[in-house]
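For reference, the chains in residue letters:
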Amino acid sequence: MNNTKPFPNDTKKMFWKCGTCSHTLLYLLNREFGYQKEAEERASDLLAGGIMNTGHQCGMLWGASLAVGAESFRRFHDTAKATSIAITTTQHLLESFSKRTKTLNCREITGCDLTSKYGLFKLSLITIFSGFINSPCFKLADKWVPEAIETATEGLSQEHLVTVLPPISCASEVVRKMGGSDEEIIMVAGFAGGLGLSGNACGALSAAIWMNILAWCRKNPGKIPPYFKNPATKNILHAFYSAAESEINCHKITGQSFKTIDEHSEFIKNGGCNTIINLLAESAIK
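Within any chain, residue numbers begin from 1 and follow the written order of that chain's sequence. Per-residue local features of the predicted model are confined to residues with pLDDT of at least 70, and side-chain atom pairs are confined, for both listing and counting, to 80 or more; whole-chain, interface and lining totals are unaffected and use all residues. Derived side-chain values reflect all non-hydrogen atoms in the structure, with water molecules and hydrogen atoms excluded from consideration.

Engineer: What is the right way to read the environment of Leu 66 from this model?
Structural biologist: Working definition: helices are DSSP H or I runs of at least four residues, strands are E runs of at least two. Numbering for both runs from the N terminus. If you trace the backbone, Leu 66 turns up in helix 4 (residues 59-75). Residue Leu 66 is classed as buried on the basis of its relative accessible area, which comes to 0%. Separated by 22 residues in the primary sequence, Leu 66 and Ser 44 place their C-alpha atoms 8.6 Å from one another. Contacts between residues were defined by any pair of non-hydrogen atoms, one from each residue, lying within 4.5 Å. Ignoring anything within four residues of it in the chain, the contact list for Leu 66 reads Leu 26, Ser 44, Leu 47, Met 187, Val 188, Phe 191 and Trp 210. Burial classes follow relative accessibility: with a 1.4 Å probe on protein chains only, a residue under 20% of its type's maximum area counts as buried, one over 50% as exposed, and anything between as partly exposed.

Engineer: Mind showing me how you'd approach the environment of Met 211 here?
Structural biologist: Relative to the helices and strands, Met 211 is located in helix 11 (residues 203-219). Classification of Met 211 as buried rests on a relative accessible area of 10%. Each C-alpha atom of the pair Met 211 and Gly 222 lies 17 Å from the other, and the pair is 11 residues apart in sequence. Excluding its chain neighbours within four sequence positions, the residues that come into contact with Met 211 are Val 175, Met 178, Gly 180 and Glu 184.

Engineer: Is there a simple way to explain the nonpolar core in this structure?
Structural biologist: Most often, soluble globular proteins keep nonpolar side chains buried together rather than apart. By convention a nonpolar core is built from buried Ala, Val, Leu, Ile, Met, Phe, Trp, Tyr and Cys residues, the set being connected through side-chain atoms within 4.5 Å. Counting residues in each nonpolar core, the largest one holds 85 residues, and the members touching the most others are Leu 29, Met 60, Trp 144, Phe 191, Leu 205 and Leu 280. If one sorts the elements of this core by residue count, helix 11 sits on top with 10 residues. Setting aside residues up to four positions removed in sequence, Met 60 forms contacts with Phe 15, Cys 21, Ser 22, Leu 25, Phe 97, Cys 137, Leu 140, Ala 141 and Trp 144.

Engineer: I keep staring at the pattern of salt bridges and nothing clicks. Help me out?
Structural biologist: Oppositely charged side chains can form a pair if their charged atoms are brought close together. Any carboxyl oxygen of Asp or Glu within 4 Å of a side-chain nitrogen of Lys or Arg constitutes a salt bridge here. As enumerated under the stated definition, the model contains 13 salt bridges in all. If you follow the salt bridges from partner to partner, you end up with Lys 37, Glu 40, Glu 71, Arg 74, Arg 75, Glu 183, Glu 184 and Arg 218 in one network.

Engineer: For this particular structure, what's the right way to read helix 9 (residues 170-177)?
Structural biologist: An α-helix turns once per 3.6 residues; consequently, residues spaced three or four apart project the same way. Judged by how many residues are buried, helix 9 sits mostly within the fold: 6 of 8 residues are covered. For helix 9, the full list of buried residues reads Cys 170, Ala 171, Ser 172, Glu 173, Val 174 and Val 175. Buried residues belonging to helix 9 abut helix 10 (182-187), helix 11, helix 14 (261-269) and helix 15 (274-285). Looking one or two residues past helix 9, Gly 179 carries a phi angle of roughly 85 degrees, positive in sign.

Engineer: Before we go on, may I ask you to explain the side chain of Thr 88 in this structure?
Structural biologist: Positionally, Thr 88 belongs in helix 5 (residues 79-101). The buried category is assigned to Thr 88, whose relative accessible area is 7%. What qualifies as a polar contact is a pair of N or O atoms within 3.5 Å, subject to a donor-acceptor requirement within protein and to the restriction that residues adjacent in sequence count only when both atoms come from side chains. Looking at Thr 88, its side chain comes within polar contact range of the main-chain oxygen of Ile 85, at 3.2 Å. In this structure, Thr 88 is in contact with Gln 158, Leu 161 and Ile 261, ignoring residues within four places of it in sequence.

Engineer: Whenever I open this one, a nonpolar patch on the surface confuses me. Can you help?
Structural biologist: Patches here: salt-bridge-free residues with over 30% relative accessible area, like charges joined within 9 Å, nonpolar side chains (Val, Leu, Ile, Met, Phe, Trp, Tyr) joined within 5 Å. Surface exposure here means Shrake-Rupley accessible area, sampled with a 1.4 Å probe, where a residue is shielded only by the protein chains that are shown. Taken together, Phe 121, Leu 125, Ile 128 and Phe 129 make up a surface patch of nonpolar side chains, about 450 Å² in accessible area. Considering the arrangement of structural elements, one finds Phe 129 in helix 7 (residues 117-130). Of the residues examined, Phe 129 reaches a relative accessible area of 72% and is grouped as exposed.

Engineer: Looking at this model, I keep getting lost on the environment of Ser 246. Mind explaining?
Structural biologist: Looking at the secondary structure, you find Ser 246 in the loop between helix 12 (231-243) and helix 13 (250-254). Since its relative accessible area comes to 60%, Ser 246 is described here as exposed. Between the alpha carbons of Ser 246 and Tyr 227 there is a distance of 21 Å; along the sequence they are 19 residues apart.

Engineer: Explain the packing of helix 2 (residues 21-33) against helix 4 to me, please; I cannot follow it from the model alone.
Structural biologist: Packed helices, taken two at a time, are described by the angle their axes make and the gap between the axes. For the pair helix 2 and helix 4, interaxial distance at closest approach is 6 Å and the crossing angle is 30 degrees. Relative to helix 4, the element helix 2 is oriented roughly parallel. Considering only the axes of helix 2 and helix 4, their crossing is right-handed. Contacts from Cys 21, Ser 22, Leu 25, Leu 26, Leu 29, Asn 30 and Phe 33 in helix 2 reach Gly 59, Met 60, Gly 63, Ala 64, Leu 66, Ala 67, Val 68, Glu 71, Arg 74 and Arg 75 in helix 4. Classifying every residue of the contact of helix 2 with helix 4 by side-chain character gives 10 nonpolar, 4 polar and 3 charged. To get an axis, fit a line to the C-alpha atoms, keeping to the stretch in contact for a helix; angles then go from 0 to 180 degrees between the N-to-C directions. Here is the rule for angles: anything less than 35 degrees is roughly parallel, anything more than 145 is roughly antiparallel, 65 through 115 is roughly perpendicular, and the remaining ranges are oblique. Two helices cross in a left-handed way if the nearer one is turned anticlockwise from the farther one by less than a right angle. They cross in a right-handed way if the turn is clockwise. Under the scheme applied here, ten amino acids are nonpolar (Ala, Val, Leu, Ile, Met, Phe, Trp, Tyr, Cys and Pro), four are charged (Asp, Glu, Lys and Arg), and all others, including Gly, are polar.

Below is the structure:
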């Protein structure tokens, strides 16, 4: 890894402290880049378990993507370049993660359906009997974090990334319509097209959830955000499923598999997912 300072070997310790996989990866990558953002890190908690324990893309990926988005915003004054770099670096993170785990999804990694009480109980038992910090999730984070940092660093160092169209991220559009800052808009850019254009669970949905909880965290500093009993996120989910006809995977909602940033940008520019984007923004603001 092209980094002169030693990487602290404290991933498991920080996982224990942060409490969720998404929070842990966002915290550790932010620390590596030299910028801690407590509210933003805490707000990522609800992306754990594959988006509110629904078993989709692992929370480590959402947290890592937020971190590279934040760093991309800081490095590149050009919004278009910052957006493109955030998306492509997220793609590299997905590739790195998939090589290690052979999947992107929480449910397949844990072997547990966390939407059910039995699934939560099963994961709890696995965690207890493995000794907490040696649980599968802790061990995976411990192994992947150095790779994630190296991958993120290399991805953010791209200087000649070219797109034909001005890059647009569906997730960024949700945040923009919610009144998010320029930094927040770029932070979620990598969520585009089901996270790094992978076509999996909707990145715009995750962006709306994160922004909503971010507002809560800023009003309640130091407190743990509500996870299961959260009327606001329930409203967001209800609005999303109504608009998406109970589908969550990007490639099924759009009927497309985006191979390039230009393809995704053109789709969004031409009104693709406009109804979902607007409904998510409106429900999250409420």
